[in-house]
Amino acid sequence: MTLGVVVRRGLVASAVAAALFLLATGVAGAQQATVDNEFTASSMKFLAAGIAMGLGALGPAIGIGFLGGKAMEALGRNPEAAGAIQTNMILAIAFAEAIGIYALVVAILIGFVF
């Protein structure tokens, strides 16, 4: 499976998830809720936090998987360059993981602050 296929499938899955979320909350139909209580607002807040974390972790997970796979492929082709490959791989994984941590911070903010 190529990177383009994975990216397209991820975009389609994200679009479907967003459409289902909008339909479930009534935003897509532009409907106003007649009874809006504290329980509904709180539950939607935590649902939004879960979606933010789930979608925010999807990109780094795919990126780290490709990084690890390509690093193993590079080590198999050129074992003498193990030190340089491993250093660059760990640095790139740290940057990808930082994006996942940003998503976690946003999810915590949505869940407990707003």
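Conventions used here
Residues numbered from 1 in each chain as written. Predicted model: local features only at pLDDT ≥ 70, side-chain atom pairs only at ≥ 80, totals over all residues. Heavy atoms only, no water. Helix = DSSP H or I, 4+ residues; strand = E, 2+ residues; numbered from the N terminus. Buried < 20%, exposed > 50% of the residue type's maximum accessible area, 1.4 Å probe, protein only. Contact = heavy atoms within 4.5 Å. Areas by Shrake-Rupley, 256 points an atom, 1.4 Å probe, with all protein chains shown as cover. Phe/Tyr/Trp six-rings, centres within 6.5 Å; stacked < 30°, edge-to-face > 60°. Patch = residues over 30% accessible without salt bridge, like charges linked within 9 Å, V, L, I, M, F, W, Y side chains within 5 Å. Salt bridge = Lys/Arg side-chain N within 4 Å of Asp/Glu carboxyl O.

Draft legend 1. Highlighting the overall build of the chain. A count of helices and strands for the chain gives three helices and zero strands. Overall, the chain shows an N-to-C arrangement of helices and strands of α-α-α. Evaluated residue by residue, the chain yields a buried proportion of 12% over its 114 residues. In the chain, the share of contacts with a sequence separation of at least 24, taken over all contacts with a separation of at least 6, comes to 74%. For the chain, the computed accessible surface area is about 8,200 Å², with 73% contributed by carbon and sulfur atoms.

Draft legend 2. Just the packing of aromatic side chains, in detail. The full count for this structure, using the stated rule, is one aromatic pair. Arranged with centres 5.9 Å apart and planes meeting at 70 degrees, the rings of Phe-46 and Phe-112 form a pair that is edge-to-face. Pair noted here: Phe-46 is in helix H2 (residues 38-77) and Phe-112 is in helix H3 (residues 82-112), with a separation of 66 residues, a long-range link.

Draft legend 3. View of a nonpolar patch on the surface. Taken together, the side chains of Leu-3, Val-7, Leu-11, Met-44, Leu-47, Ile-51, Leu-55, Leu-58, Ile-62 and Phe-66 define a hydrophobic patch exposed on the protein surface, amounting to about 800 Å² of accessible area. Of all the elements in the fold, those that place two or more residues in the nonpolar patch are helix H1 (3-25) and H2. Considering each element in turn, the nonpolar patch owes the most residues, seven residues, to H2. Here Leu-58 is to be found in helix H2. Residue classification places Leu-58 among the partly exposed residues on the basis of a relative accessible area of 36%.

Draft legend 4. Focus on the pattern of salt bridges. All chains considered together, the criterion is met by two salt bridges. A salt bridge links Lys-70 to Glu-73, with the nearest nitrogen and oxygen atoms 3.7 Å apart. Here Glu-73 and Lys-70 lie together in helix H2, a separation of three residues that amounts to about one turn. Relative accessible area serves as the criterion here: at 53%, Lys-70 is assigned to the exposed category. Look at the salt bridges and you will find they share partners, linking Lys-70, Glu-73 and Arg-77 into a network.

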